[in-house]
Amino acid sequence: MRHFLRDDDLTPAELVEVLDLAAELKAAPYAHKPLEGPQTVAIIFDKPTLRTQASFVAGIAELGGNPMVVDGNLAQIGTRESIADVARVLGRQASLIVWRTHDQSRIDEMAAYAGVPVVNALTDQFHPCQTLADLLTIREHKGDRPGGLAGLTMTFLGDAACNMGHSYLLSGAAAGMHVRVSGPDGFQPDPEILARARAIAAGTGGSAEIVLDPEAASEGADVLITDTWISMGKEAESSDRAEVFRPWQLNEDLLARGADDAIVLHCLPAYRGKEISAGVLDGPQSVIWDEAENRRHAQKAIITWLTR
């Protein structure tokens, strides 16, 4: 049985399969019903959500399934009852479990006991469904070139120690891209994840590196990406982080350093005037709304792939 708990759960070849499937499902959103029955998919939220809940609920329905949304604050998983016991219960009610939670160890434990595929809808360490959607978006805007995504340069600016920084390193390397992550001292990716990304890149022709200077990191990039400077659970650090991260704001100056046809991504929610300027987010090089839509198609693809 396969799970999708972190980006490198897919091999580079499997990543291509899933992205191909996502494009197929996007082109014909109601033509494939692998969850017909309907089969139930349990979707648990321990953290705030908008796009994740909307895209999973809509996508599961389009696949012919029944989305069963579970409020993690009511369930109190790991407090009221153990993760293992919850997994055993839900695994008998659902064909697949989707969980948006805190530490990665929680979803790893869920997968160990559920008896059905488990999908990571965001943890503190990884956000693999988001990067699937991002790669699908990049492919739509940049993929009509020899090699597809391979050889493109993708730069992530901001908190490089966050789950998005980790997931871009792994997924971009698997796609054969040159991944640069750039953030202030003290906000760098986990060394083990960086090493894992470099090992993957060695087999795909890509690369993974830390570039401390945001201007150098943006130079010639085909894709420029940012995320909120304040990850969930770290709101108390907001004012301190605003000053530290200011040079990494994705604004017109940094965008101008990218390739002439560079595209801009942001997984949302966005805070205009902080991690990204309003002119860039709402400008002609932004493909952020395509990216938000593509969460649905990418997630439909990974669900279909896991339940075949």
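Here the structure is a predicted model, which is why all the values come from computation and not from measurement.

### Looking at the environment of Pro-117
Note that Pro-117 resides in the loop between α5 (104-114) and β4 (118-120). Separated by 23 residues in the primary sequence, Pro-117 and Ala-94 have C-alpha atoms spaced 9.7 Å apart. Apart from residues lying up to four places away in sequence, Pro-117 is in contact with Met-1, Arg-2, His-3, Ser-95, Leu-96, Ile-97 and Leu-306.

### A look at the sheet that holds strand β1 (residues 40-45)
Pairing between sheet strands relies on hydrogen bonds along the backbone, with the strands arranged either parallel or antiparallel. As summarised here, the arrangement of the 4 strands in space is β2-β1-β3-β4, forming an open sheet in which the pairing is parallel. Because the sheet does not close on itself, it has two edges, and the strands there are β2 (66-71) and β4. On average, each strand axis in the sheet is inclined to that of its neighbour by 20°, with strand direction left out of account.

### Let's talk about the nonpolar core
Ranked by size, the top nonpolar core spans 60 residues in total, and within it Phe-56, Leu-132, Ile-138 and Met-177 carry the most contacts. Setting aside anything within four residues of it in sequence, one finds Phe-56 in contact with Ile-43, Val-98, Val-119, Ala-121, Cys-129, Gln-299 and Ile-303. Formed by 19 residues, the second largest nonpolar core is a distinct cluster that contains Val-70, Ala-87, Trp-99 and Ile-107.

### So, the side chain of Glu-62
You can see Glu-62 is positioned in helix α2 (residues 51-62). Of the residues examined, Glu-62 reaches a relative accessible area of 10% and is grouped as buried. Every residue in contact with Glu-62, bar those within four places of it in the chain, is listed here: Pro-29, Tyr-30, His-32, Lys-33, Arg-296 and Lys-300.

### Notes on the confidence of the model for the chain
Of the residues in the chain, 97% have a pLDDT of 70 or more, and the chain-wide mean is 96. Predicted confidence in the chain is weakest over helix α10 (residues 238-245), with a mean pLDDT of 84, and strongest over β4, with 99.

### Points about the environment of Glu-275
Here Glu-275 lies in the loop between β9 (263-266) and α12 (278-281). Given the relative accessible area of 1%, Glu-275 is considered buried. The spatial distance from the C-alpha of Glu-275 to the C-alpha of Leu-250 is 6.1 Å, given a sequence separation of 25 residues. Once residues lying within four places of it in the same chain are set aside, the contact partners of Glu-275 are Thr-226, Asp-227, Thr-228, Trp-229, Trp-248, Gln-249, Leu-250, His-266, Pro-269 and Ala-270. In this structure the side chain of Glu-275 is engaged in a polar contact, spanning 2.7 Å, whose partner is the side chain of His-266.

### Section: the pairing of strand β3 (residues 96-100)
Extensive coverage of β3 is indicated by the burial of 5 of its 5 residues. Here β3 shows two buried faces, one formed by Leu-96, Val-98 and Arg-100 and the other by Ile-97 and Trp-99. Bridging between β3 and β4 involves 3 bridges; their strand directions are parallel. Within β4, the position partnered with Trp-99 by the bridge is Asn-120.

### Some words on unusual backbone geometry
In this structure, Pro-38 follows Gly-37 across a cis peptide bond, with omega equal to -5°. Positionally, Pro-38 belongs in the loop between α1 (12-27) and β1. Here the residue pair Leu-268 and Pro-269 is connected by a cis peptide bond, since its omega of 0° sits within 30 degrees of zero. Although it is not a glycine, Leu-122 sits at a positive phi angle of roughly 135°. With respect to the helices and strands, Leu-122 occurs in the loop between β4 and α6 (128-142). Here the phi dihedral of Leu-268 falls at roughly 70°; this positive angle occurs in a residue that is not glycine. As for its position among the elements, Leu-268 is in the loop between β9 and α12. Leu-268 sits in the buried class, given a relative accessible area of 12%.

### Notes on the sheet that holds β9
Pairing in this open sheet of 5 strands is parallel, and the strands run β7-β6-β5-β8-β9 from one edge to the other. Each edge of the open sheet is held by one strand with a lone partner, namely β7 (207-210) and β9. Neighbour-to-neighbour, the strand axes of this sheet turn through a mean angle of 20°, independent of strand direction.

Here is what the cut-offs are and how they apply
Residues numbered from 1 in each chain as written. Predicted model: local features only at pLDDT ≥ 70, side-chain atom pairs only at ≥ 80, totals over all residues. Heavy atoms only, no water. Helix = DSSP H or I, 4+ residues; strand = E, 2+ residues; numbered from the N terminus. Contact = heavy atoms within 4.5 Å. Pairing = 2+ DSSP bridges. Axes fitted to C-alpha atoms, helices over the stretch in contact; angles between N-to-C directions. Core = buried A, V, L, I, M, F, W, Y, C linked by side-chain atoms within 4.5 Å. Buried < 20%, exposed > 50% of the residue type's maximum accessible area, 1.4 Å probe, protein only. pLDDT = per-residue confidence, 0-100. Polar contact = N/O pair within 3.5 Å; in protein donor to acceptor, adjacent residues only side chain to side chain.

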